[in-house]
Every structure is written in structure tokens, then in C-alpha cells.
Amino acid sequence: MTPNQLSIERYRRRAAGYDASAEFTMPLRRRTIALLALQPGDVVLDVGAGTGLSFAPLLAAVGERGRVLAFEQSPEMFEQARARVAREGWQERVWLREARAEDVQLPQAADAALFNYVHDITRTPQAVDNLLRQLKPGARLAIAGMKFFPWWTGPLNLLAWLKNRPYNARPADLWMPWDLIAPRCDGFERWSTQWGMGYIARGRRRA
Ligand SMILES: C[S@@+](CC[C@H](N)C(=O)[O-])C[C@H]1O[C@@H](n2cnc3c(N)ncnc32)[C@H](O)[C@@H]1O
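First, a word on scope: everything that follows refers to the structure included in this document.

Check the secondary structure of the protein and you find eight helices and seven strands. A compact globule built from 207 residues would reach a C-alpha radius of gyration of about 17 Å, and the protein, at 16 Å, matches this within 12%. Summarising its shape, the C-alpha atoms of the protein cover approximately 50 × 40 × 30 Å along the three principal directions. Here the protein, with 207 residues, has 54% of them falling under the buried criterion.

Buried residues dominate strand β2 (residues 67-72), accounting for five of its six residues. Following the chain from strand β1 (residues 43-46) across helix α4 (residues 55-62) to the adjacent parallel β2, one finds a crossover that is right-handed. Inspection of the sheet shows β2 paired to strand β3 (residues 94-98) by five bridges, in the parallel sense. Across the sheet, residue Glu72 finds its bridge partner in β3, namely Glu98. Once you follow β2 into helix α5 (residues 75-88) and on to β3, the crossover reads as right-handed.

We now examine the site of the ligand. Around the ligand, 23 residues are found, and the nearest of them are Tyr18, Arg29, Gly48, Glu72 and Asn116. One of the side-chain N or O atoms of Asn4 is found 3.3 Å from a nitrogen atom in the ligand. Contacts to the ligand include Arg29, whose side-chain N or O atom sits 2.7 Å from an oxygen atom. Coverage of the ligand by the protein chains reaches 96% of its 590 Å² of free accessible surface.

A sheet is described by the order of its strands in space; here seven strands give the open sequence β3-β2-β1-β4-β5-β7-β6, paired in mixed fashion. Each end of this open sheet is capped by a strand with a single partner; those strands are β3 and β6 (185-193). Going from strand to strand, the sheet's axes swing by 15 degrees on average, the running direction of each strand aside. Helix α3 (residues 26-34) contacts β4 (110-116), β5 (135-146), β6 and β7 (198-205) of the sheet and is inclined by roughly 155 degrees relative to β4.

So, on to the side chain of Glu72. Mapped onto the elements, Glu72 comes out in strand β2. Buried charged residue Glu72 carries no salt bridge. Nearest counter-charge: Arg29, at 10 Å. From its side chain, Glu72 meets the backbone nitrogen of Gly50 in a polar contact 2.9 Å long. Not counting residues up to four positions away in its chain, the partners in contact with Glu72 are Gly48, Ala49, Gly50, Met77, Phe78, Arg97, Glu98 and Ala99.

Counted by the stated rule, this structure contains three aromatic pairs. Sitting over the ring of Trp178, Arg190 keeps its end group 3.8 Å from the ring centre.

A few words now on the nonpolar core. If you look at the biggest cluster of nonpolar residues, it comprises 29 residues, and the most contacted ones within it are Leu45, Val47, Phe71, Phe115, Ile121, Leu131 and Leu135. Elements with a minimum of two residues in this core: β1, β2, β4, α7 (125-132), β5 and β7. Each residue touching Phe115, except ones within four places of it in the same chain, is listed here: Val47, Thr122, Leu131, Leu132, Leu141, Ala142, Ile143, Ala144 and Ile181. Ranked by size, the runner-up nonpolar core spans 24 residues in total, among them Leu28, Leu59, Phe78 and Ala142.

So, how was this worked out
- Residue numbers run consecutively from 1 along every chain, following the written order of its sequence.
- The predicted nature of this model means local features are confined to residues of pLDDT at least 70 and side-chain atom pairs, given and counted, to a pLDDT of 80 or more, with totals for whole chains, interfaces and linings taken over all residues.
- Side-chain numbers come from the whole structure's heavy atoms, not from hydrogens or water.
- The helix count covers DSSP runs of H or I at least four residues long, the strand count covers runs of E at least two residues long, and both are numbered beginning at the N terminus.
- Radius of gyration: over C-alpha atoms. The globule rule applied is 2.2 Å multiplied by the number of residues raised to the 0.38 power.
- Residue burial is assigned from relative accessible area. The probe radius is 1.4 Å, only protein chains are included, and a residue is buried under 20% of its type maximum, exposed over 50%, and partly exposed in between.
- For the handedness criterion, the strands are oriented away from the viewer, and a crossover whose path from the first strand over the helix to the second runs clockwise is classed as right-handed.
- Two strands are said to pair when DSSP picks up at least two bridges between them.
- Being near a molecule or strand, for a residue, means having at least one of its heavy atoms within 4 Å of it.
- Any N or O atom pair separated by 3.5 Å or less is treated as a polar contact, with the protein-specific requirement of one donor-capable and one acceptor-capable atom, and with residues adjacent in sequence counted only for side-chain atom pairs.
- Method for areas: the Shrake-Rupley scheme with a 1.4 Å probe, in which residue coverage is limited to the protein chains shown.
- Axes here refer to lines fitted to C-alpha atoms; in helices the fit is confined to the stretch in contact. Angles between the N-to-C directions go from 0 to 180 degrees.
- Only heavy atoms enter the contact rule, under which two residues are in contact if any of them lie within 4.5 Å.
- Neither His nor the chain termini are counted; the positive set is Lys and Arg, and the negative set is Asp and Glu.
- In what follows, salt bridge is the name for a side-chain nitrogen of Lys or Arg lying within 4 Å of a carboxyl oxygen of Asp or Glu.
- What counts as a ring pair is set by centres within 6.5 Å for rings of Phe, Tyr and Trp (its six-membered ring), and what kind of pair is set by the plane angle: stacked under 30 degrees, edge-to-face over 60, tilted for all other angles.
- Here, a charge over a ring is recorded when the distance from Lys NZ or Arg CZ to the ring centre is within 6 Å and its angle to the ring normal is within 35 degrees.
- Here the nonpolar core consists of buried residues drawn from Ala, Val, Leu, Ile, Met, Phe, Trp, Tyr and Cys, with membership extended through side-chain atoms lying within 4.5 Å.

These figures capture arrangement, not role.
Structure, rendered in C-alpha cells:
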């Protein structure tokens, strides 16, 4: 099974309960979105958008003239995102496709990109290449995700691995999960969250 197939299988089982399980992460999601410093009229990419939980705060930030571009590979997660867009009447403001990060083709270059808990995407060189080349030079990126605690905390990292495993095909790759993106950004900054088991980061796509 490829990592994509494994991830799709995992989310087939998790999709129904995803929004309830992600409720407590909303403050962190809003904090990560704030790092994008979105302006009215911006085009923002929501990478691996899941059920579309970021659409409302992203649309609020880009306003009526702005646009959200979003894609998701899991059919069950995508279906919830699609239903959310239809329910809220966002069809004109959200471009949404069932697609993989490795080969999605965006309809326009984005001013900013949100990578919210998309570990499998940030750890896949082909996906990172495909997405970054479709952002405007200087586009703002914000990332949130899990990472390992410092090595000297030892067994605590078993907890990080166990928490990551149900959601990701590469649960052990948590030492520097930002390291495919950071070297391709200017002004990359990173902060620890969740007592060291998470991180948020921002940077600008190098021209
Ligand atoms: C933890 S969820 C986060 C969803 C959303 N970003 C959020 O903040 O709620 C990870 C999502 O990434 C999607 N995903 C994983 N690998 C992907 C890939 N290669 N292409 C597109 N989506 C992918 C999964 O299907 C899942 O919906």
C-alpha cells in the first residue's frame, strides 16, 4: 500500500468523527491562520483541507473579493468539505477539488498557503514541490503540526508517535517535519506548541 492509499484508508474510518475530534484544535487553527496575515482580496490555498474546517476563518480574512483554493484526497473528507461549501453557499468563493497534493493543478497562483496538520504532505518532496511552485514568489506560508519532544525526554516520544499514527502514513517522521519547506522560505520562524509536541511556523516562499 502506498502512503496515499494508507492515508485514504485511515480517513475512511476517521472522517465521520473528524469535526468533533478537531473541535479543541480551533484556537490553534486560528493562531496558525493569523500567521498568514491575510488581506482582503488575497487568494489563499488550504492544503489538504480535510472537511473544510478552515474555510470560514479563511474566507472571513480574505473577504468578498478574496478566494480560497482547496483540495483533499480522501473521498470521505472531501465529501464533507463539498457539503459544507454547498450548505454555506460558498461555491463562488471556494475552489475545491478531490485531488492529491502531489499532482493537484491550481487555477491560479496563491498569495498564501495554510498547511494545517498535513504531516503526510509536508513529508513528501513531490507534494511540496508541486505546491510551492504554484504559489506566488513571496507568498506567505503557515504550518502547524506535530513533532517529537526533544530527544532527552525519551519515552515521551512514544506518546507523540501514538497520537500521530491514526492520522498519518508516516507517523515516525517527526524530528524536523518542517525541513522540506523551511529551506525554501525566507524569514522562516517556528514556535513550539502543546508542551513541545507540536509546532507552528511561518515563512515566505523564496522567489
Ligand atoms: C489531520 S487532517 C487535516 C485536515 C485539515 N487541514 C484541517 O486542518 O482540518 C490531514 C488531511 O490531509 C489529507 N491528506 C493526506 N495526504 C494527502 C495528499 N497527499 N494529498 C491530499 N490530501 C492529503 C488527509 O486526507 C486529511 O484530510
